[in-house]
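# A closer look at the structure
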Number of protein chains: 2
Amino acid sequence: MREGPDIARIASLVGDPARANMLSALMGGTALTASELALEAGVSLPTASSHLSKLMEGGLLTLASQGRHRYYGLAGPQVAGMIEAITGVAEAVGPKRVRPGPRDAAMRVARVCYDHLAGEQAVAMLDRLVEKDILLRDDNEIRLGPSAASHFAAIGIDVDARPRRPVCRACLDWSVRRSHLAGTLGAAILDKILAEKWARREKDSRAVIFSPPGKAAFERVFLA
Amino acid sequence: MREGPDIARIASLVGDPARANMLSALMGGTALTASELALEAGVSLPTASSHLSKLMEGGLLTLASQGRHRYYGLAGPQVAGMIEAITGVAEAVGPKRVRPGPRDAAMRVARVCYDHLAGEQAVAMLDRLVEKDILLRDDNEIRLGPSAASHFAAIGIDVDARPRRPVCRACLDWSVRRSHLAGTLGAAILDKILAEKWARREKDSRAVIFSPPGKAAFERVFLA
DNA sequence: GGGATGCTTCGACAAGGATCAAACTATGCG
DNA sequence: CGCATAGTTTGATCCTTGTCGAAGCATCCC
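Residues numbered from 1 in each chain as written. Chains lettered and ligands numbered in written order. Predicted model: local features only at pLDDT ≥ 70, side-chain atom pairs only at ≥ 80, totals over all residues. Heavy atoms only, no water.

## Side note on the protein's contact with DNA strand D
Taken together, the neighbourhood of DNA strand D is formed by 20 residues, with Ser 35 and Ser 49 of chain A together with Thr 47, His 51 and Lys 54 of chain B sitting nearest. Counting only the atoms of DNA strand D that lie within 4 Å of the protein, the sugar and phosphate share comes to 77%. Within the contact set of DNA strand D, a phosphate oxygen lies 2.6 Å away from a side-chain nitrogen or oxygen of Thr 47 of chain B. At 2.6 Å, a side-chain N or O of Lys 54 of chain B approaches a phosphate oxygen of DNA strand D. When residues of the surface near DNA strand D are traced back to their parent elements, those giving at least two are α3 (34-41), α4 (45-57) and β3 (69-74) of chain A together with α2 (17-26) and α4 (45-57) of chain B. Here the surface near DNA strand D gets 4 residues from one element, more than from any other, and that element is α4 of chain B. Partitioning the surface near DNA strand D into residue classes produces 7 nonpolar, 7 polar and 6 charged. (Near = heavy atom within 4 Å. Polar contact = N/O pair within 3.5 Å; in protein donor to acceptor, adjacent residues only side chain to side chain. Helix = DSSP H or I, 4+ residues; strand = E, 2+ residues; numbered from the N terminus. Nonpolar A, V, L, I, M, F, W, Y, C, P; charged D, E, K, R; others polar.)

Given below as structure tokens:
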């Protein structure tokens, strides 16, 4: 018999369809209320509430009360990474759709992963940043290269002013099956993409749609 | 309601304690028989068999029949990565022991991961072997370098005479969160460590305790 | 062939847990 | 204060699923 971290407990929390849907919905990065999550999961409000308290107790969610609204969000990037990993396996072993829908295709190109960018574009970006030695990659650990501070400062991102979370993190991409950039730097880059209106978020989806000029700008800055 | 990959299905497969124990047992990369897995999970053989067929149907395992033995193994590195991610979350949110016991500390330094060494020592060893180009690492794939055969022959390990399983494999370490060496070579190295009495196994635990001279010898051979 | 071993299937049972309606608490608004 | 909205708790129902004993296949060894 094995001892050690109770992985069955965590996995079974994700293993209920209603809870899985809630967690997927929260992968968009924005915190949601209990009723929104109930709708998202397709269950009644009491049922949703019960699930949410279980997820809270399991440490997978955080709660921010604002008046009579209670906003639930993912507990952190590690939880988001786990959901991505599970999604990847589900995608790989799941029934192959004969024809992936258009939204599906957009998701593969670029999507939000908790608070940063994922998908082909994101994987390409990390590759390029490592290739240019702006970031230094060692296994799953990513560090800033010597030129990182000045490089990101030039595009308005201050890599020093973000103390709490790790600046860089590798996050496995379920569609490409390689790593993309997470951490505060990943979050800051997504912020910039949206702030500059290079891309917009698809309503009710994690897909991120680049406009043609936005795509060009993004590639000039990050893939050049 | 969400559509997309059925993550609840996959997570619920991992979400049963018996199945979770089986999957943890398979994280070493060694394929195991149904009876071994039943023992590992602490359930009867019929129960184990039922779980195994579910895991197979879910695409999480592969099966290799050899005569009347049927060896179950993880379906691939992606599945292993998912287990690792779940383990990481479980570790993070799990009950914080007020004071990690001495055995816990020992486990972090060195432990058995089915048939090879894991923990800080093992991660350091793989790093060093790659640094010296004895092993060639490419993301999660590890191959023998040109000098590998002679290097290991010098310490009594024949890297050629082990056909069945892959010689090298990266195995993610849950305590260090980086890779260590699995595969037949990893197994052979652990054998040597125990045969030379550099270390002993703690009773009823996975911890591996080095004696002071044993530690020095290990470091001389593998970390120099 | 016959017996032993490894494993799966069948059948029955028990337990856990997901679900919702209804009642209850809390916050906001006028 | 009174009413509306957001959310949780309680209780009852029902169904899924994990569990093991016994029997059934398959493979190996003598």
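Back to the write-up after that little detour.
## Describing the confidence of the model for chain A
Close inspection of predicted coordinates is inappropriate for parts of the model with low pLDDT. In this model, chain A carries a mean pLDDT of 82, and residues with pLDDT of at least 70 account for 85%. In the model of chain A, strand β8 (residues 169-172) of chain A stands out as the element of lowest mean pLDDT, 68, in contrast to helix α1 (residues 7-14) of chain A, which has the highest, 95. (pLDDT = per-residue confidence, 0-100.)

## Focus: the interface of chain A and chain B
Across the contact, 47 residues belong to chain A and 47 residues belong to chain B. At the boundary of chain A with chain B, total buried surface from both sides reaches about 3,800 Å², with 61% on carbon and sulfur atoms. Connecting chain A to chain B are 0 salt bridges. Put simply, chain A and chain B have 2 residue pairs in polar contact (both at pLDDT 80 or more) between them. Sorting the residues of the side of chain A that touches chain B by element identifies α1, α2 (17-26), α3 and α5 (77-93) of chain A as the ones contributing at least two each. (Contact = heavy atoms within 4.5 Å. Buried area = accessible area lost by both parts, 1.4 Å probe. Salt bridge = Lys/Arg side-chain N within 4 Å of Asp/Glu carboxyl O.)

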